[in-house]
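Chain and residue survey
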Amino acid sequence: MQKLLKIIITDKLINSVDSCVDEAVCGLVRANGGLSLLKGHRVVLRSDLENLRGKVALLSGGGSGHEPAHGGYVGAGMLSAAVAGGVFASPPPASILAAILSLYNAGASGVLLIVKNYTGDRLNFGLAAEQARNHGVAVDMVIVAEDCAFDRPSKAGRRGLCGTVLIHKLAGALAQEGCSLDQIVSKVTEVLKGIGTLGVSLSPCSVPGCLPSFVLPPGDMELGLGIHGEPGIKRSKVGFADEVVKTMLDHMTNPDSQSHLPLKSGDRVVVCVNNLGALSCLEMAIVARAAVICLENRGVEVARVMSGSFMTSLEMTGVSLTLMKANQETLRLFDAKTSAPAWPNLSSVCVTGRSYITDPPATSTRPQEDTYTEGPLSPVMRQVLQMICSTLLDKQEELNSLDRAAGDGDCGNTHAQAAKVIQEWLQDHVIPGCPGQLLSVLARLVQEKMGGSSGALYSLFLTAAAGHVTETQSNAAAWASAVHAGTQAMRRYGGADPGDRTMLDALCPAVDELMKLTTSQPGGHMAILQAAVQKATLGAEETRNLTAKAGRASYIAAERITLPDPGAVAVAAILRAVVEVLEAQK
């Protein structure tokens, strides 16, 4: 049991279970100059309390583990203070009262408590409110209860979830403008009628020092769960993001549910896509896209979207969607500036109806293929390309095998992909008589279809080489200059050099040999080409003895890499294919 407890504790990056909340609150305050810590309490305050004089102060809080809620929303234009309890535990009344009195003593005209609808929070904040009134403080409380999970909520009512953050924002903007306590309560109470939230999770979470809150088999998801790790209302298999979002919105707006958010075509909403803790940014963006499209397909106008971590549940892998029906006044308050560190820097432009696609420049760098005409070199260039493609396809698994030792094992696949694309192009196109035009076409094909760093490197090589060979200047010297220019471009932009265990270890020795074509007599060209192939082959083989200094292999211990570099092997094979075709022409 002791061993199990140690595993549970060390599964999180903390110092101790007992001190984690205090250290987290301290870290938040130390990292933000606009915040201060109330001595003896887990209370985060605005460091400029003097600016509250004559205005309503806002206080919220609850259990820890929901960061950045609630301390991250303390600042001008949002909360005046936030009080933290233990992980998933309501804060004690003494700390809540200390926060209220601190705000009152700073000159606040009244204090509004914004409380999530959980029994512990209602009791503790309520008790502190009654005690504060006995001290002469004008206190009121707004209960946030916007959970849309349960068709028929129990007597405890709907839970308070991420919609609480939106109430922080609107109430904070009203307080900043000098509205009275009654005015703020009246306005946010009305807004609350149009807020709904629903969460879905792909994993449970675990309180530091405890086992996971529930068991969720791999491939399952929980719909309608709370932010304290309590299970949801329905369990099903994980679907595609679009399907999951549609299911969530359907449930949230189902008129047969007593907890539903009434939503009809023509309504305007603010959407909050809230990361429950461990969802990747990529997944969050996909969910945001799905939510916007799904709502717009229903005729709902999406006015604003906020996407990120706003009210989490420790490390839970999941997301909640909050919808807030909005009019112009609501949006004005939502857009108001705040210094709260966790509030995102949002655009104030309406999402629906915005032109979000930018057309590319009118001028295209793509060669005009319909202007190509064949020339004397076209037949042999076609044969060379066909031989290169066949060679790369034959070597696909060999290159993959070499790459698995030092990379992600797809070198053969990427070269084969390029070969297939070129083969398809050869079926439908003439080979231009100008070699430079052909190289430009090949550069585009590998750039668009080959992918990865290999596609970029080959495209760089071909693009740089293209300008050195024309229909009138395509002799051996011109080709040597072209290959040299391409190699130099790869070195300049790729950052690698010979000896770094890359394709350059095969290419550079071959290029050094090919440059002899610029001064040799035609009768000696074939010998130079054959020597270049030999040097490329030898250079590729010798990479097995080199320490990688560039590319993915540079991140792997040298003793684990004992095979030749796959990129160098591919270069040697390409050069060999070229020379074999040229030899057959003799």
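Computed from a predicted structure; not experimentally measured.

1. Quick notes on the UniProt feature "active site" (unreviewed entry) in the chain
This chain's UniProt record puts "active site" (unreviewed entry) on His-228. Its place among the elements puts His-228 in the loop between strand E8 (220-223) and strand E9 (234-237). If we skip the residues at most four places from it in the chain, His-228 touches His-66, Phe-88, Tyr-118 and Ser-313. A polar atom in the side chain of His-228 sits 3.3 Å from the side chain of His-66.

2. Topic: the sheet that holds E8
Taken together, the 6 strands give an open sheet; going across it, the order is E9-E8-E7-E12-E10-E11, and neighbouring strands pair in mixed fashion. One side of each edge strand has no neighbouring strand; the edge strands of this open sheet are E9 and strand E11 (301-308). Taken over all neighbouring pairs, the strand axes of this sheet differ in orientation by 20° on average, direction set aside. By the bridge criterion, 2 bridges tie strand E7 (residues 195-201) to E8 in an arrangement that is antiparallel. Following the sheet pairing, Ser-201 is matched in E8 by Glu-222. Relative to strand E10 (residues 268-275), helix H8 (residues 281-297) is tilted by about 160°, and along the sheet it contacts E10, E11 and strand E12 (318-325).

3. A short note on the state of the cysteines
Joining two cysteines, a disulfide is a covalent bond between their sulfur atoms. On inspection of all chains with the given rule, the structure shows 0 disulfides. In this structure Cys-148 is not part of a disulfide, and its nearest cysteine sulfur, from Cys-162, lies 13 Å away. In this structure Cys-205 is a free cysteine whose sulfur lies 10 Å from that of Cys-210, the closest cysteine sulfur available. Classification of Cys-205 by relative accessible area gives buried; the value is 1%.

4. Quick look at the sheet that holds strand E6 (residues 139-144)
The mixed open sheet is built from 6 strands, whose spatial order is E1-E2-E4-E3-E5-E6. Each end of this open sheet is capped by a strand with a single partner; those strands are strand E1 (35-37) and E6. Looking at each pair of strands side by side, their axes are set apart by 25° on average, direction ignored. Direction of pairing for strand E5 (residues 110-116) relative to E6: parallel, over a ladder of 6 bridges. Residue pairing across strands places Leu-112 opposite Asp-140, the latter belonging to E6. Helix H4 (residues 119-134) rests against strand E3 (56-64), strand E4 (81-87), E5 and E6 of the sheet, and its axis sits at about 170° to E6. Across the sheet, helix H6 (residues 181-192) is in contact with E3, E5 and E6; its angle to E6 comes to roughly 10°.

5. As for the pairing of E4
For E4, the buried fraction is high: 6 of the 7 residues fall into the buried class. Where strand E2 (residues 43-46) lies against E4, 3 bridges are found, and the strand directions are antiparallel. Bridge pairing in E4 links Val-44 to Ala-82.

6. Some details on the packing of helix H11 (residues 396-404) against helix H18 (residues 566-585)
Pairs of packed helices are described in terms of their axes, by the angle between the two and the distance that separates them. Axis separation between H11 and H18 bottoms out at 9 Å; the angle between their running directions is 155°. The orientation of H11 relative to H18 falls into the category roughly antiparallel. Note on element contacts: H18 touches H11 through Pro-566, Val-569 and Ala-570, opposite Glu-398, Leu-399, Leu-402 and Asp-403. Per-class residue counts for the contact of H11 with H18 are 5 nonpolar, no polar and 2 charged.

7. Concerning the UniProt feature "binding site: substrate" (unreviewed entry) in the chain
In the numbering adopted here, UniProt assigns the feature "binding site: substrate" (unreviewed entry) to Gly-63, Ser-64, Gly-65, His-66, Lys-116 and Asp-121. Take Gly-65: its relative accessible area is 3%, and that puts it in the buried class. Once residues within four sequence positions are removed from consideration, Gly-65 is found in contact with Phe-88, Thr-312, Ser-313 and Leu-314. Looking at the secondary structure, you find Asp-121 in helix H4. Apart from the residues within four sequence positions on either side, Asp-121 is in contact with Gly-61, Gly-62, Ser-90, Pro-91, Val-115, Lys-116 and Gly-126.

8. Remarks on helix H13 (residues 435-449)
Taking 1.5 Å of rise per residue, the 15 residues of H13 would be expected to cover 21 Å, and the 21 Å separating its terminal C-alpha atoms lies within 8% of that figure. On its buried side, H13 packs onto helix H10 (378-394), helix H12 (411-428), helix H14 (452-466) and helix H15 (476-494). Trailing H13 by a residue or two, Gly-451 shows a phi angle of about 80°, which is positive.

Cut-offs used in this document
Residues numbered from 1 in each chain as written. Predicted model: local features only at pLDDT ≥ 70, side-chain atom pairs only at ≥ 80, totals over all residues. Heavy atoms only, no water. UniProt positions renumbered as here; feature names shortened; annotations may be inferred. Helix = DSSP H or I, 4+ residues; strand = E, 2+ residues; numbered from the N terminus. Contact = heavy atoms within 4.5 Å. Polar contact = N/O pair within 3.5 Å; in protein donor to acceptor, adjacent residues only side chain to side chain. Pairing = 2+ DSSP bridges. Axes fitted to C-alpha atoms, helices over the stretch in contact; angles between N-to-C directions. Disulfide = S-S within 2.5 Å. Buried < 20%, exposed > 50% of the residue type's maximum accessible area, 1.4 Å probe, protein only. Parallel < 35°, antiparallel > 145°, perpendicular 65-115°, else oblique. Nonpolar A, V, L, I, M, F, W, Y, C, P; charged D, E, K, R; others polar. Expected span 1.5 Å × (residues − 1).

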